[in-house]
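The lines below spell out each chain.
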Amino acid sequence: MDLKKIFSEIYDSLNDVEDAGKVADYIPELANVSPDHFGVHLVTVDGQHYDFGDSDIRFSIQSIAKVFSFVMAYSQIKSTIWERMDVEPAGTPFNSLVQLEYDKGIPRNPFINAGAIVVCDILAGELASPKDNIRSFVRDLCGNRTIDYNPLVAHSEKKTGFRNYALVNLMKSFGNIHNDIDAVMDLYFHLCSLEMSCRELSDSFLFLANNGIVPYSGKQILSPSRTKRTNALMQTCGFYDEAGQFAFKVGLPGKSGVGGGIVAVLPGKYAISVWSPRLNPKGNSFKGMLFLEEFTTRTHLSIF
Ligand code: DON
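Here's a quick rundown of the structure.

What counts, and where the lines are drawn
- Residues numbered from 1 in each chain as written.
- Predicted model: local features only at pLDDT ≥ 70, side-chain atom pairs only at ≥ 80, totals over all residues.
- Heavy atoms only, no water.
- Helix = DSSP H or I, 4+ residues; strand = E, 2+ residues; numbered from the N terminus.
- Rg over C-alpha atoms; globule rule 2.2 N^0.38 Å.
- Buried < 20%, exposed > 50% of the residue type's maximum accessible area, 1.4 Å probe, protein only.
- Contact = heavy atoms within 4.5 Å.
- Areas by Shrake-Rupley, 256 points an atom, 1.4 Å probe, with all protein chains shown as cover.
- Core = buried A, V, L, I, M, F, W, Y, C linked by side-chain atoms within 4.5 Å.
- Phe/Tyr/Trp six-rings, centres within 6.5 Å; stacked < 30°, edge-to-face > 60°.
- Lys NZ or Arg CZ within 6 Å of the ring centre and 35° of its normal.
- Near = heavy atom within 4 Å.
- Polar contact = N/O pair within 3.5 Å; in protein donor to acceptor, adjacent residues only side chain to side chain.
- Nonpolar A, V, L, I, M, F, W, Y, C, P; charged D, E, K, R; others polar.

### Examining the overall build of the protein chain
A count of helical and extended segments in the protein chain gives 13 helices and 10 strands. Taken against the 2.2 N^0.38 rule, which gives 19 Å for 304 residues, the C-alpha radius of gyration of the protein chain at 18 Å falls within 12% of a compact globule. Overall size of the protein chain, expressed as C-alpha extent along the three principal axes, is 55 × 40 × 35 Å. For the protein chain, the proportion of its 304 residues judged to be buried stands at 57%. The contacts in the protein chain between residues at least 6 apart in sequence include a share of 69% that link residues at least 24 apart. Total accessible area computed for the protein chain in this model is approximately 12300 Å², and 51% of it derives from carbon and sulfur atoms.

Here it is as structure tokens:
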């Protein structure tokens, strides 16, 4: 299949669709991104690369980074992670407070903000130098030592992160945050500020399509069983209250971020990343969702 040609045809067909999305501006620094960027990159487990558009420009990966922090905690730290969060889809927005009160400070899953904050609490309590350790982990996954946090984005979010502070305080009141709140939130905001290109994202997620092994280095990151479970979590929880739509229309485990990125994997085959900054009302890339829907429809390369 000529995937590059398919990418270009889908991109052209989407030009007729008005991009009804809006760039995230609740983190002021994210509003500075040019909304018309579009990039896609696919890498197969046997090392073939296909790209289109702005696939080498780095952007703020935001919630996509929650997969990295979760995998780190799940693979490296002997913790009681499943006593501190659940594995159920939330069916609510990524930063919702409502359910957390009913659930006594136990987040529904590791990919909503509350769950990712608990993962940061676990990492902050266990790692010698959490920010450096997470950055090295991500650099190793894609084999690029220049990947870094954007301090301006982290700072911008810290100044305006009132809902996230509400979440962490509520969980602290229930005893589900063990470390100092400011240390945990500093780690969380930095995690979300990581910048990567579509190519780097696809490369770094490829181990999830390859039984937990990074193909280029041969390193086993997760056991096959935990890899399967991580993909199951991405399938059911990776798109918040749009996880059903993504499964219905695209049919791949994946994760989105409010920077406009989406990464998805087809186990045994490939990882794909799309970037288009305008978001739909659920906080997922408007064109990215349409593009992936069309891609798996045309190629039949989905899990269903
Ligand atoms: O905490 C936040 O609100 C952002 N740093 C991340 C949210 C996000 O990316 C949700 N994804 N669609």
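Picking up after the structure, the text goes on.
### Re unusual backbone geometry
Of note in this structure, N211 is not a glycine but carries a positive phi near 55°. The topology assignment puts N211 in the loop between α10 (198–205) and α11 (224–237). Phi at H300 takes a positive value of approximately 60°, unusual for a residue other than glycine. You can see H300 is positioned in the segment after α13 (286–299). With relative accessibility at 67%, the residue H300 sits in the exposed group.

### Notes on the nonpolar core
Counting residues in each nonpolar core, the largest one holds 76 residues, and the members touching the most others are I61, F68, I117, L123, L201 and F205. Aside from chain neighbours lying at most four places away, what touches I61 is F68, C192, L194, E195, M196, L201 and G257.

### Structural notes on the packing of aromatic side chains
What the rule picks out here adds up to 18 aromatic pairs. Relative to Y240, the ring of F94 has its centre 5.4 Å away and its plane inclined at 55°; by these criteria the two rings are tilted. A residue pair is termed long-range when its members are at least 10 positions apart, and F94 in the loop between α3 (81–84) and α4 (98–102) and Y240 in the loop between α11 and α12 (243–249) qualify at 146 residues. The class of F94 is buried, set by a relative accessible area of 11%. Residue Y240 is classed as buried on the basis of its relative accessible area, which comes to 5%. Residues Y165 and F189 carry aromatic rings whose centres are separated by 5.7 Å and whose planes lie at 65° to one another, so their mutual orientation is edge-to-face. In this pair, Y165 sits in helix α8 (residues 162–173) while F189 sits in helix α9 (residues 181–192), placing the two residues 24 residues apart along the sequence. Grouping aromatic residues by their ring pairs yields a cluster made of F7, Y11, F38, F52, Y270, F291 and F295. The ring of Y74 carries the charged tip of R226 above its face, separated from the ring centre by 4.5 Å.

### Quick look at the environment of C192
Among the structural elements, C192 can be located in helix α9. Note: C-alpha distance between C192 and G257 (65 residues apart in sequence) is 8.7 Å. Apart from the residues within four sequence positions on either side, C192 is in contact with S60, I61, Q62 and E157.

### Focus on the site of the ligand
What surrounds the ligand is a group of 16 residues, the closest being Y26, Q62, S63, E157 and Y188. S63 places a polar side-chain atom, nitrogen or oxygen, 2.6 Å from an oxygen atom of the ligand. Backbone polar atom of V258 to an oxygen atom of the ligand: 2.9 Å apart, as the coordinates give it. Summarising the interface, the protein chains cover 100% of the accessible area of the ligand, which totals 340 Å² for the free molecule. Across the shell around the ligand, the residue classes tally to seven nonpolar, eight polar and one charged.

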